[in-house]
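Residue strings, one per chain:
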Amino acid sequence: MAGDERYGRTDGQTGGSSISLSDRPTVHPSNRGEGLRVVGQPLRKVDAVSKVIGATKFADDLMLPRMLYCKLLRSPHPHATILRVDTSRAAALAGVKAVLTGRDLPIPFGILPVSQDEHALAPDRVRFIGDPVAAIAAITEEIATEALDLIDVEYEPLPAVTSPIAALEDTDTPIHDYGDRGNLHKLINLEFGDVGEGFARADHIREDILFYEGSTHLAMEQHAALAEWSPGGKLTLWSSTQTPHYVHRALAQVLELPPSRIRVIATPNGGGFGGKSDPFSHEIVVAKLAMKTGRPVKCTLTREEVFYCHRGRHPTLIWTRTGVTKDGRITAMHVRTLLDGGGYGSYGVASTYYTGALQTVTYQIERYKFQGARAFTNKAPCGPKRGHGTPQPRFALEVQMDKLAHDIGLDPAELRLRHLVPPGSVTANYLQIGSMGLGACIDKVTAGADWKERYGKLPLGRGIGLACSSYISGAGLPIYWNNMPHSGVQLRCDRGGGVTVLCGSTDIGQGSDSILAHIVAEVLGLTLEDIAVVTADTDLTPVDLGSYASRVTLMSGNAALQAAERARDIIARHAAAKLDVPTERVVFADRRVFDASDPENGMPFADAVQTAEAVEGTIGTVGSYTPPMSPGRYRGHGVGPSPAYSYSAAVVEVEVDPETGIITVPRIWIAHDVGRCINPVTVMGQVEGSVYMGLGEALMEEMPHRSNVKNAHKNPSMLEYKSPTTLEMCDVVTYLIEDPDPNGPFGAKEVGQGPLLPVPPAVANAVYDAVGVRVDEVPVTPEKILRALKDKARGKEGRYGPMSFPDIHWPAPTVVPPPWEGGDGRAVTDIRHQGGRRKVSHPERQH
Amino acid sequence: MKPGSLMAPEKAHLTLDVNGERIEVMFARHKTLLEVLREDLRLTGTKHGCELGECGTCAVLVDGQPVLSCLVLGLACAGKSIRTVEGMADAELHPLQRAFADLGAAQCGYCTPGFLLTAEALLKQNPKPTCREIEEALSGNLCRCTGYLKIYEAVELAAAWMRGEQAEPRDEVLYGRR
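Worth saying up front: this structure is predicted, and the values here are computed from it rather than measured. (Residues numbered from 1 in each chain as written. Chains lettered and ligands numbered in written order. Predicted model: local features only at pLDDT ≥ 70, side-chain atom pairs only at ≥ 80, totals over all residues. Heavy atoms only, no water.)

Q: Please give an account of the overall build of chain B that cites residues and values.
A: The number of helices and strands found in chain B is 7 helices and 5 strands. Projected onto its principal axes, the C-alpha positions of chain B cover 65 × 30 × 25 Å. Counting across all 178 residues of chain B, residues that qualify as buried make up 57%. Across chain B, every contact between residues at least 6 apart in sequence was considered, and the portion connecting residues at least 24 apart equals 53%. (Helix = DSSP H or I, 4+ residues; strand = E, 2+ residues; numbered from the N terminus. Buried < 20%, exposed > 50% of the residue type's maximum accessible area, 1.4 Å probe, protein only. Contact = heavy atoms within 4.5 Å.)

Q: Describe the domain arrangement of chain A, with residues and values.
A: All names here are of chain A. Looking at chain A, the domain boundaries give domain 1 (48-57 + 484-625), domain 2 (62-158 + 220-271 + 276-309) and domain 3 (187-216 + 312-477 + 633-800). In this structure, domain 1 and domain 2 have C-alpha centres spaced 38 Å apart. Taken together, the 18 residues of domain 1 in the interface contact 19 residues of domain 2. Buried surface at the junction of domain 1 and domain 2, summed over both partners, amounts to about 1,400 Å²; 52% is from carbon and sulfur atoms. Run the count over domain 1 and domain 2 and you get 3 salt bridges. A salt bridge links Arg263 to Asp539; the nearest nitrogen and oxygen atoms lie 3.9 Å apart. Along the lines of polarity and charge, the residues of the side of domain 1 that touches domain 2 split into 6 nonpolar, 7 polar and 5 charged. (Domains from an automatic or database assignment. Buried area = accessible area lost by both parts, 1.4 Å probe. Salt bridge = Lys/Arg side-chain N within 4 Å of Asp/Glu carboxyl O. Nonpolar A, V, L, I, M, F, W, Y, C, P; charged D, E, K, R; others polar.)

Q: Can you lay out the pairing of strand 20 (residues 586-589) of chain A for me, pointing to particular residues and giving the numbers?
A: Residue and element names in this part refer to chain A. What you see with strand 20 is no split at all: Val586 and Phe588 on one side and Val587 and Ala589 on the other are buried throughout. Note: strand 20 against strand 21 (residues 592-595), 4 bridges, orientation antiparallel. Looking across to strand 21, one finds that Ala589 is bridged to Arg592. Here strand 20 hands over to strand 21 after 2 residues, with Asp590 in that stretch at a positive phi of 50°. (Pairing = 2+ DSSP bridges.)

Q: For the nonpolar core, give the residues involved together with the corresponding values.
A: Counting residues in each nonpolar core, the largest one holds 170 residues, and the members touching the most others are Leu438 and Ile785 of chain A together with Phe100 of chain B. Those residues in contact with Phe100 of chain B that sit more than four places away from it in its chain are Val52 of chain A together with Ala105, Ala106, Thr112, Phe115, Leu116, Ile151, Ala154 and Val155 of chain B. (Core = buried A, V, L, I, M, F, W, Y, C linked by side-chain atoms within 4.5 Å.)

Q: Quick one: what's the story with unusual backbone geometry, residue by residue and with numbers?
A: Residue and element names in this part refer to chain A. Val778 connects to Pro779 through a cis peptide bond whose omega is 0°. Along the polypeptide, Pro779 turns up in the loop between strand 30 (777-778) and helix 19 (782-793). Non-glycine residue Ser346 carries a positive phi angle of around 45°. Here Ser346 shows up in the loop between strand 14 (330-340) and helix 9 (348-357). Given a relative accessible area of 1%, Ser346 falls into the buried group. Here Asp450, not a glycine, exhibits a phi torsion of approximately 55°, which is positive. Examined against the element boundaries, Asp450 turns out to sit in the loop between helix 12 (438-448) and helix 13 (451-454).

Q: Lay out the environment of Val99 of chain A with the relevant residues and their values.
A: In this fold, Val99 of chain A is placed in strand 3 (residues 96-101). Taking the C-alpha atoms as reference points, Val99 of chain A and Cys70 of chain A, separated by 29 residues in sequence, lie 9.4 Å from one another.

Q: Tell me about the packing of aromatic side chains, residues and numbers included.
A: Within the structure shown, the criterion is met by 14 aromatic pairs over all chains. Relative to Tyr148 of chain B, the ring of Phe115 of chain B lies with its centre 6.2 Å away and its plane at 50°, an arrangement referred to as tilted. One end of the pair, Phe115 of chain B, is in helix 4 (residues 112-125); the other, Tyr148 of chain B, is in the loop between helix 5 (131-137) and helix 6 (149-162), and 33 residues separate them in sequence. Here the two residues Phe115 of chain B and Tyr148 of chain B agree in accessibility, since each one is buried. Chaining the aromatic ring pairs together yields one cluster made of Tyr246, Tyr347, Tyr480 and Tyr548 of chain A. Across the ring face of Tyr480 of chain A, the terminal group of Arg249 of chain A is positioned such that the distance to the ring centre comes to 3.6 Å. Between the NZ or CZ atom of Arg321 of chain A and the centre of the ring of Phe199 of chain A, over which it lies, the distance is 4.4 Å. (Phe/Tyr/Trp six-rings, centres within 6.5 Å; stacked < 30°, edge-to-face > 60°. Lys NZ or Arg CZ within 6 Å of the ring centre and 35° of its normal.)

Q: Tell me what's going on with the interface of chain B and chain A, and back it up with residues and numbers.
A: Contacts between the two partners involve 58 residues from chain B, matched on the other side by 67 residues from chain A. Across the interface of chain B and chain A, roughly 5,200 Å² is buried in total on both sides, 57% from carbon and sulfur atoms. The interface formed by chain B and chain A contains 6 salt bridges. A salt bridge links Glu688 of chain A to Lys150 of chain B, with the nearest nitrogen and oxygen atoms 2.9 Å apart. Scanning the region where chain B abuts chain A turns up 29 residue pairs in polar contact (both at pLDDT 80 or more). For the side of chain B that touches chain A, the secondary-structure elements that each account for two or more residues are helix 1 (3-7), helix 2 (33-40), helix 3 (95-103), helix 4, helix 5, helix 6 and helix 7 (171-175) of chain B. Sorting elements by how many residues they give to the side of chain B that touches chain A places helix 3 of chain B first, with 6 residues. (Polar contact = N/O pair within 3.5 Å; in protein donor to acceptor, adjacent residues only side chain to side chain.)

Q: Explain the pattern of salt bridges to me, and be specific about the residues and the numbers.
A: Residues and elements named next belong to chain A. Summed over all chains, the structure comprises 62 salt bridges over all chains. Of the charged contacts, one joins Asp152 and Arg89 as a salt bridge, the two residues approaching to 3.0 Å between their closest N and O atoms. Here Asp152, found in strand 6 (residues 152-157), pairs with Arg89, found in helix 2 (residues 88-92); they are 63 residues apart in sequence, far enough to count as distant. For Asp776, the salt bridge is made with Arg799, and the minimal N-O distance between the two is 2.6 Å. Of this pair, Asp776 sits in the loop between strand 29 (774-775) and strand 30 while Arg799 sits in strand 31 (residues 799-800); the two residues are 23 residues apart in sequence, bridging distant segments of the chain. Both residues of the pair, Asp776 and Arg799, count as buried.

Q: Let's hear about the side chain of Glu35 of chain B: which residues, and what values?
A: All names here are of chain B. With respect to the helices and strands, Glu35 occurs in helix 2. Although Glu35 lies buried, it forms no salt bridge, and the closest oppositely charged side chain, Lys31, sits 6.1 Å away as judged by the N-O distance. Among the polar contacts made by the side chain of Glu35, one reaches the main-chain amide nitrogen of Thr32 at a distance of 2.9 Å. (Lys, Arg positive; Asp, Glu negative; His and termini not counted.)

Q: Which residues make up the confidence of the model for chain A, and what values go with them?
A: All names here are of chain A. Residues with a pLDDT of 70 or more make up 94% of chain A, whose mean pLDDT is 94. Every residue in residues 1-33 scores below 50 in pLDDT, and together they form 80 contacts with partners more than four places removed in sequence or on other chains. Within the model, pLDDT remains below 50 along residues 832-847, and this stretch shows 35 contacts once partners closer than five positions in the same chain are excluded. (pLDDT = per-residue confidence, 0-100.)

Q: Explain the packing of helix 15 (residues 552-579) of chain A against helix 16 (residues 605-616) of chain A to me, using residue names and the numbers behind them.
A: In a packed pair of helices, the relevant descriptors are the angle between the two axes and the axis-to-axis distance. Residues and elements named next belong to chain A. Where helix 15 meets helix 16, the axes come as close as 8 Å, and the angle between the chain directions of the two elements is 95°. Overall, the two elements helix 15 and helix 16 adopt an arrangement that is roughly perpendicular. In contact with Ile570, Ile571, Arg573, His574, Ala575 and Lys578 of helix 15, helix 16 contributes Phe605, Ala608, Val609, Thr611, Ala612, Val615 and Glu616. Here the residues of the contact of helix 15 with helix 16 are counted per class, giving 8 nonpolar, 2 polar and 3 charged. (Axes fitted to C-alpha atoms, helices over the stretch in contact; angles between N-to-C directions. Parallel < 35°, antiparallel > 145°, perpendicular 65-115°, else oblique.)

Q: With reference to specific residues and values, describe the pairing of strand 24 (residues 645-656) of chain A.
A: A regular strand places its side chains so that they alternate between the two faces of the sheet. Residue and element names in this part refer to chain A. The buried fraction of strand 24 is high, at 11 of 12 residues. As judged from the 11 bridges shared by strand 16 (residues 462-472) and strand 24, these two strands associate in the antiparallel manner. Bridging across to strand 24, Ser470 finds its partner in Tyr647. Pairing of strand 24 with strand 25 (residues 663-673) involves 9 bridges; the strand directions are antiparallel. Within strand 25, the residue paired with Glu655 across the bridge is Thr664. Turn length for the strand 24-strand 25 hairpin, with the two strands adjacent in sequence and antiparallel, is 6 residues, and the turn residue Gly661 shows positive phi of about 80°.

Q: Account for the domain arrangement of chain B, naming residues and giving values.
A: All names here are of chain B. On domain assignment, one finds that chain B holds domain 1 (3-87) and domain 2 (95-175). A straight line from the C-alpha centre of domain 1 to that of domain 2 covers 25 Å. Listed per partner, the contact involves 16 residues of domain 1 and 14 residues of domain 2. Here domain 1 is connected to domain 2 by 1 salt bridge. In this structure, Arg83 and Glu120 form a salt bridge, with 2.7 Å as the shortest nitrogen-oxygen distance. At the junction of domain 1 with domain 2, the criterion picks out 4 residue pairs in polar contact (both at pLDDT 80 or more). Secondary-structure elements contributing two or more residues to the side of domain 1 that touches domain 2 are strand 3 (59-62) and strand 4 (65-68). For the side of domain 1 that touches domain 2, the leading source of residues is strand 3, giving 3 residues. Tallied by class, residues from the side of domain 1 that touches domain 2 come to 6 nonpolar, 7 polar and 3 charged.

Here is the structure:
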């Protein structure tokens, strides 16, 4: 009844890790012509009209009577002890209604249970320039701003850690009093099979060191939050957050209120990209100020403050060693990463794991070893930005693949195509692959770019480069490990024929509200206009974990699918009785419920709802989604598993002036395997937006700190932080590949993040094709290209990039045999430590 | 500014022409047009991204020209005609709004009002702009969601509609290249 039974979920909760792909199609089905009426249609998003008329209420658009304005005092020091905070002069200023310091909010918080290292206001130590120290609520924003100058803070500066290399040194004053060692927040050492033996079997081995600079989200909307306190004991917070559920948790924890007394409403986000995924200081502060004053309190960050909130891309140094046979088969890969985490934990532990998790899901890797380290430094904290921890290692992997192809004399596209991970397989690090459309992606972009005729054959200064990638469709495990669903939906059918869908998911512009409407309309034979969508309100909507990890289409989509199917089954039963036909023959389409064999024998959907309601009472259903268990059982297996992996391939064309190094990108061909398009025009928007953001990172975006000037952020404004305008944006030719995944709703996989990933390495690879030099560092700027060209002119390698990876004392490895070597997903490390079963350690295990 | 002056800053009392209506408004003299529109007139369709004139998000039309409302004093707009996104649609969407909605040119929608008004000013001057002319006209507006591509397509489509042509989005714009 509901569309395509082969790819839609037919059971309830998905359980178990085995995936049957026996009936996988050999051709990619179109999203049209298979009986789907709404899924696959390029329809207006459900919120499109309110957005184009300016009616959408973003957080700062909300204003309540008697509302106060909040401003935060931020640290001018990168690292200091707070000796004294005197707020008496500020409190005395006319118009100031309340002042807070760290003493008022002593309970720490943080997005991850293992990194509860933040305070809403620093009680005794500041860890980066911009760390909040005190807060004012006043009757106008001007008075609140002026009052900040009247707060007296006495600091005792501490030595500032300026880089992850510096963070490796022993210290008496570590930035935090927790972590794996000194200023090293997290150290990871995972080994899947004996890589030493794998390298011994390789015909060719190469080592590369690459650097991926940090960048920020730069969502157009500055973060804002508004809190209201009822003397009856209820707190309401409206906030531009991607994760209302986690903000709800953080507020309950820090304010010591029962969660039932807190309502968090995520307002439509004016862009997120990961930058609004943490609970933030200003959200907790306005809540506390509202409780203290009994008046609504709003805080809207300035653009400069948004740069300090950050949580963006970790600057990451990557060392990677890969061994291949003559035909390019990877016998072993060993990756080391060093992440500059900034001043707090944020998602950093997960980010670090992600720098080593997804190397294995594109090309077959027989043996794999990953060592990752995240350092605390006295800079704005890093966290999840679009692609979360994976663009950096993907850049390294795809550039190295290009170099390997040249080394062994294979076409880079051919090298990749020969060794694709098979669909339905399990990788060396125990990631369960479902559908896998990368081959089709490569075919499309190479055909579009006329790769065979043009690669390596363009005149000096022009070149094309290829890179590929993959990304998760939601994380397999929740942030707080539990057995509950990751997404829930409630659905209510109205007597008038309308349907209301309630879900905790948050629309950050990606169109997640519309996905719910598409899926419900498809199952119940309705149009988008018949569906009312209520989302992201902890009082009204069932929990969805949030808009991160590209999880919403798959997870809330599956929950919506289940709720809609349950409603359909109830209505069908009663409609069948009335129509006097077997229930299996009842069809929902065109706002009617009718007999498939005799379409005239039917009734309007609204009548069918009434028929059912007369017997059953109010027609309401629920649906929920829990991802399948991952086959991995080792410590550290929690990052990487996903119900489905998307795939992308890109060819980038560049023009490089060999005299100046000036680089322009006229065109990018991108193909993305999205499983199935729920709405193709929305998918197109996500692909193009990802390519744009990848291009920005590839060419210009960076947020360095001035190590010689107190670790100050070098460019905390939109003018100085360069991002592509219309004049830098290139043409994009997009191909949507639909290789339906058994775990996705109607086969759908993610699209919001994956297509960013191949762009930076494809740019670097194209530069090599254009002028024969390697820039092993993002962003690829004219200056770096020029230095590489000069290096080459002097008869050297013709490379710009990092020269060394520091010695890091790694912990003993967690050793997990790959599935094809008899592994069952568990670590055998204990056995190895007991001696004898494995060979004596080889060079890779020293560090 | 003296502390006391913040409590009761000197206020201007004037009549502004906003979206074709003459509106009396009283506001602190230092307020920007952006602040007057959002805070005093509650026209929150005009957004802000930096309040430093760097992103184009707060663009409105003053006497038909795109102006960054964060850089203009409200006082300076007396006697001028101001157009905000709220003035674009009546019972029907403006063709630009319709095209933006149809093509997903508004993703998060935050930069959209500034783009719509800037594009409207362009099309008034140049009813049949080339893609390059659209890019140049919109180069002062930042968008982080779309990569601008759907915005160009929407402006071209709306321009065709406004010229009275029967235009439809190209298949490739909606489904990608086959």
